[in-house]
Amino acid sequence: VPAVPNRGASCPKSGCQLCGTGMDAPSPLPTLIRKKRDGERLEDAEIRSFVRGVTEGTAQQGQIGAMLMAIRLRGMDAGETLALTRAMATSGRALAWPPAWHGLVVDKHSTGGVGDKVSLALAPALAACGCKVPMISGRGLGHTGGTLDKLEAVPGFRVSLSPEEMCSALERVGCCIVGQSEELAPADRVLYGLRDVTATVDSVPLITASILSKKAAEQLSALVLDVKFGGAALYPTQDSARELARSLVEVGTQLGIRTVAVLSRMDQPLGRAVGNALEVLEALECLDGGGPPDLRQLVTALGGVLLWQCGKAAGAVQGRELLGRALDDGSARSTFEAMLGAQGVPPDTAHSLCSGTPAQRRRLLGTAKVCEELPALQEGEGDPHPHPTPRVQCPRAPVLHGLGAGRARAGDPVDPLVGAELLVGAGQHLRAGEPWLRVHHEGTLSAGGRRTLQDALCLGPEPPRDPPPLVAETLVPEGA
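The following refers to the structure shown. Each chain carries its own residue numbering, running from 1 in the written order of its sequence. Whole-chain, interface and lining totals are the exception, using all residues; otherwise, since this is a predicted model, local features are given only for residues with pLDDT of at least 70 and side-chain atom pairs are given and counted only at 80 or more. Note: side-chain values were computed over all heavy atoms of the structure, leaving out hydrogens and water.

## Topic: the overall build of the chain
To keep it simple, the criterion reads: Think of it this way: any DSSP run of H or I at least four residues long counts as a helix, any run of E at least two long counts as a strand, and we number them from the N terminus. Exposure categories follow from relative accessible area, calculated using a 1.4 Å probe and restricted to protein chains: below 20% of the type maximum is buried, above 50% is exposed, and the middle band is partly exposed. Any two residues having at least one pair of non-hydrogen atoms within 4.5 Å are treated as being in contact. Accessible surface is estimated by sampling points in the Shrake-Rupley manner with a 1.4 Å probe; for residues, cover comes only from the protein chains shown.
Scanning the chain from N- to C-terminus turns up 18 helices and 13 strands. The 480 residues of the chain split such that 53% are buried. Counting only contacts in the chain whose residues sit at least 6 apart along the sequence, the fraction spanning at least 24 positions is 75%. Accessible surface for the chain amounts to roughly 20,900 Å². Of this, 51% is attributable to carbon and sulfur atoms.

## As for the side chain of Arg361
Our working definition: Counted as a polar contact is a pair of N or O atoms within 3.5 Å, where, for protein atoms, one must be capable of donating a hydrogen and the other of accepting one, and residues adjacent in sequence contribute only when both atoms are in side chains.
Structurally, the position occupied by Arg361 is in helix H16 (residues 358-365). With a relative accessible area of 4%, Arg361 lands in the buried category. A distance of 2.7 Å separates a polar atom in the side chain of Arg361 from the backbone oxygen of Leu353. Once residues within four sequence positions are removed from consideration, Arg361 is found in contact with Leu281, Leu284, Glu285, Asp288, Arg333, Ser352, Leu353, Cys354, Ser355 and Gly356.

## Considerations on the sheet that holds strand S13 (residues 471-475)
Adjacent strands of a sheet pair through backbone hydrogen bonds, lying either parallel or antiparallel. Heads up, the rule is: Strands were regarded as paired on the criterion that DSSP finds at least two bridges between them. For every element, the axis is a line fit to its C-alpha atoms; helices are fit only across the contacting stretch, and the angle between N-to-C directions ranges from 0 to 180 degrees.
In space, the four strands of this open sheet follow the order S1-S4-S5-S13, with mixed pairing throughout. With one partner strand each, in any of the chains shown, strand S1 (106-110) and S13 form the two edges of the open sheet. In this sheet, neighbouring strand axes are inclined to one another by 15 degrees on average, regardless of whether the strands run parallel or antiparallel. Sheet contacts for helix H9 (residues 204-217): S1 and strand S4 (222-229); angle to S1, the most-contacted strand, approximately 165 degrees. Of the strands in this sheet, S1, S4, strand S5 (258-265) and S13 are in contact with helix H12 (residues 293-309), which crosses S4 at around 150 degrees.

## Quick notes on helix H4 (residues 78-89)
Condition: What a helix is expected to span follows from its residue count: subtract one and scale by 1.5 Å.
Taking 1.5 Å per residue as the helical rise, H4 with its 12 residues ought to reach 16 Å, and the 16 Å between its terminal C-alpha atoms agrees with that figure. Residues of H4 that are buried: Glu80, Thr81, Leu82, Ala83, Leu84, Thr85, Ala87, Met88 and Ala89. Buried residues along H4 sit in contact with helix H1 (29-37), helix H2 (44-56), helix H8 (186-197), H9 and helix H10 (238-254).

## Some remarks on helix H15 (residues 347-355)
Defined as follows: By definition, the arc is the one covered by directions from the helix axis to the C-beta atoms.
By the burial criterion, the buried members of H15 are Thr349, Ala350, Leu353 and Cys354. In an axial view of H15, the angular spread of the buried residues amounts to 120 degrees, which keeps them on one side of the axis. For H15, the exposed residues lying more than 90 degrees away from the buried face are Pro347 and Asp348. Against helix H11 (276-287), helix H14 (331-342) and H16 lie the buried residues of H15.

## Regarding the nonpolar core
The condition is simple: Put simply, buried Ala, Val, Leu, Ile, Met, Phe, Trp, Tyr and Cys residues joined by side-chain atoms within 4.5 Å make one nonpolar core. Segmentation of the chain into domains, including their bounds, is taken from an automatic or database domain assignment.
Ranked by size, the top nonpolar core spans 115 residues in total, and within it Leu126, Val299, Leu340 and Trp436 carry the most contacts. No other element matches helix H5 (residues 118-128), which puts eight residues into this core. Here this core spans two domains, and each of domain 2 (99-361 + 471-475) and domain 3 (368-460) adds at least three residues to it. Those residues in contact with Trp436 that lie beyond four places of it in its chain are Leu374, Pro375, Ala376, Glu421, Leu422, Leu423, Val424, Leu430, Leu453, Gln454, Ala456 and Leu457.

## Some words on the pairing of strand S2 (residues 133-137)
Most of S2 sits out of view: five of its five residues are buried. Along S2, one buried face is formed by Val133, Met135 and Ser137 and the opposite face, lined by Pro134 and Ile136, is buried too. Judged from the five bridges that link them, S2 and strand S3 (residues 175-179) form a sheet pairing that is parallel. Residue pairing for S3: Pro134 is matched across the bridge by Cys176.

## Some details on the environment of Glu478
As for its placement among the helices and strands, Glu478 is situated in the segment after S13. Classification of Glu478 as exposed rests on a relative accessible area of 85%. Here the alpha-carbon distance between Glu478 and Glu250, two residues 228 residues apart in the chain, equals 8.6 Å.

## A short note on the pattern of salt bridges
Test applied: Any Lys or Arg side-chain nitrogen found within 4 Å of a carboxyl oxygen on Asp or Glu counts as a salt bridge.
Applying the stated criterion across every chain, the model contains 24 salt bridges. In this structure, Asp116 and Lys228 form a salt bridge, with 3.8 Å as the shortest nitrogen-oxygen distance. With a gap of 112 residues between them, Asp116 in the loop between S1 and H5 and Lys228 in strand S4 connect regions that are remote in the sequence. Its relative accessible area of 1% is what places Lys228 among the buried residues. Close ionic contact of Glu372 with Arg450 constitutes a salt bridge, the shortest N to O distance being 2.5 Å. Highlighted residues: Glu372 in strand S7 (residues 370-375) and Arg450 in helix H18 (residues 447-454), separated in sequence by 78 residues. Residue classification places Glu372 among the buried residues on the basis of a relative accessible area of 18%. Taking the relative accessible area as the measure of exposure, Arg450 reaches 29% and is therefore partly exposed.

## A look at unusual backbone geometry
Of note in this structure, Ala199 is not a glycine but carries a positive phi near 55 degrees. By the element assignment, Ala199 lies in the loop between H8 and H9. Look at Ala199 and you get exposed, because its relative accessible area is 57%. If you check the backbone angles, Gln219 has positive phi at about 60 degrees while not being a glycine. Its location among the elements puts Gln219 in the loop between H9 and S4.

## Observations concerning the sheet that holds strand S11 (residues 435-441)
Across the sheet, four strands lie side by side as S6-S9-S11-S7; this open sheet has antiparallel pairing. Taken across any chain shown, the strands that pair with only one partner, and hence form the sheet edges, are strand S6 (273-274) and S7. In this fold H18 packs onto S7 and S11, with an angle of close to 50 degrees to the strand it touches most, S7.

## Here we look at the packing of H5 against helix H13 (residues 316-328)
Just so we agree on the cut-off: Here roughly perpendicular refers to angles of 65 to 115 degrees, roughly parallel to angles under 35, roughly antiparallel to angles over 145, and oblique to all remaining angles. Gly is placed with the polar residues, together with every amino acid not listed as nonpolar (Ala, Val, Leu, Ile, Met, Phe, Trp, Tyr, Cys and Pro) or charged (Asp, Glu, Lys and Arg).
Packing of H5 against H13 leaves a shortest axis separation of 9 Å and a crossing angle of 105 degrees. Between H5 and H13, the crossing angle belongs to the class labelled roughly perpendicular. Of the residues in H13, those in contact with Leu122, Ala125, Leu126 and Ala128 of H5 are Leu323, Ala326 and Leu327. Here the residues of the contact of H5 with H13 sort into seven nonpolar, no polar and no charged.

Remember that the coordinates give geometry; whether it matters functionally is a separate question.
Listed below in structure tokens is the structure:
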């Protein structure tokens, strides 16, 4: 094996990726920070230099935070955002797939919302339709639940797979849902961890680069993005969500990924269940061909787009029909059972969970010590607040999170059995004393917590008008 020359030594290969000869000369970080602070455009080589400093640890945290704030305040144009995404994607290892899978490797990303358990049903349904789905997901922070937390409510489920194990699972099952490997887009892990503490979470270029750098490292053929807006979402309005969606579609397309963004409303929880084990049970209802209509609608809408984008369906409508059949005929549920087995769940457990009755499924996942129903305090037409908890802006911690259903910071423990079930829907008539919310907890719900939860139910004298459609808009690349 020939020796690798030292960085900067003479090397006959121009642009050598090992020794660094011919690569971009590093730019002093203070110079780049000042340039972006003053509203100037960063060149591709300068962006690569910044990301290299982040990855190699030569950039100080203060310098990284200053650059993040400069980007947040001054923004980035489409070219800068693309260069940042590419540099972050190539900061680590890229996944590789067999040539026979060309065009079939797909994934979905959601900006997060209350009760969003779409991935649990979507990944196996897509695999049942012939796709390969290496879904890389995250844990919950704040008011949104994490897909990995939900799956870890299943005894034995393992979220950490090596790239080789992922490839094996895709070969045998067609899908896997895993956490981000340390080898994939390591620059994103550093930047993601600092964005929260530097108040730069809501920067469109930084969000775009964070999401798409990981997807680019997955070597995807097609990607659908569920960009949520409303009272329980990161973006309160459709216009603000559309700005991010356009950035994601444009940059994703430039990366060679067939990218579509769906704007969906998040003004109330998706489905009826909030809480990790409860959401697994509701996802299983969807995989049984039933479950809440809004959950099925979003699963089939997102899946239909992906089946169209990877050539499995002639259009999004035909894709929705194909995905719906996979939910109805049991093939998606069988694939979910196989995925559980491939990721460490004992076969008997996986089979009992997927084929058992609702009561058997509950016993398998476990139940909280207390199951308490809250009654409506007056008569009227139900319109549950977007959160079965206080508003996120409330200075007090959300009630369910305080009971253990979520985490305020990375690393906090989560109780998978804590959660809530909405017993009413918008427009349903409620009489005083009738239950509207079932809270699952460990005996720690205080009187103040009950009052806060009761305040989340809004009652009116008349039924609300027909609600707007769940999917508000679909953005496709220009010319698609």
